[in-house]
Amino acid sequence: MLLLPKRVKYRKSQRGRRKGKAHSGTELSFGEYGLQVLGNGWITNVQIEASRVAISRCVKMGKVYIRIFPDKSVTKKPAETRMGKGKGMVESWVSVVKAGRILFEVEGLPEEIAREAMRLAASKLPLPTRFVTRKGML
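The structure displayed is predicted, hence computed values, not measured ones.

Participant: Describe the sheet that holds strand β3 (residues 63-66), with residues and values.
Facilitator: A sheet is described by the order of its strands in space; here four strands give the open sequence β3-β6-β1-β7, paired in antiparallel fashion. In the strand order of this sheet, the two ends are held by β3 and β7 (129-133), each with one partner. Looking at each pair of strands side by side, their axes are set apart by 20 degrees on average, direction ignored. Pairing of strand β1 (residues 33-37) with strand β6 (residues 102-107), which is carried by four bridges, proceeds in the antiparallel orientation. Pairing of G34 across the sheet is with E105, part of β6.

Okay, structure coming up:
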């Protein structure tokens, strides 16, 4: 179940900038424990799905919330293609994340299981992350 938008206004998007801190999505909203990203970058739909699978394997009971969605298209031109002739085809979908953004949340389980689940999920991601709790956010 890879994440990608059903439809978008524009098929091909520009790269944009990846600096600064997140303005929204920095607090725990749904669960008791979460995974917060500490750097800026792109997280692909494949990486989000791998993290979700890692969390759900570790979490038997409880609920998992995914707080990011890959809605930005990334294009790529074929190998050994000359310059010009337009932008390449859509290769994958990414979510732009900035420092402080909460990626995943879990609820309904003990802290040590949640910490282990988030550690497994963090190993699938390309950016540094930290484990946060609702108590630690205050």
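Having seen the model, we can carry on.
Participant: Provide a residue-level description of the packing of aromatic side chains, including the pertinent values.
Facilitator: Tallied over the entire structure, the rule returns two aromatic pairs. Consider the rings of F30 and Y65, whose centres lie 5.1 Å apart with planes at 20 degrees: the pair is stacked. Taken together, the positions of F30 in the segment before β1 and Y65 in strand β3 put the pair 35 residues apart, joining distant regions of the chain. A relative accessible area of 45% means that F30 is categorised as partly exposed. Between the aromatic rings of Y33 and F131, the centroid separation amounts to 5.7 Å while the plane-to-plane angle is 20 degrees, which identifies the pairing as stacked.

Rules and cut-offs
Residues numbered from 1 in each chain as written. Predicted model: local features only at pLDDT ≥ 70, side-chain atom pairs only at ≥ 80, totals over all residues. Heavy atoms only, no water. Pairing = 2+ DSSP bridges. Helix = DSSP H or I, 4+ residues; strand = E, 2+ residues; numbered from the N terminus. Axes fitted to C-alpha atoms, helices over the stretch in contact; angles between N-to-C directions. Phe/Tyr/Trp six-rings, centres within 6.5 Å; stacked < 30°, edge-to-face > 60°. Buried < 20%, exposed > 50% of the residue type's maximum accessible area, 1.4 Å probe, protein only.

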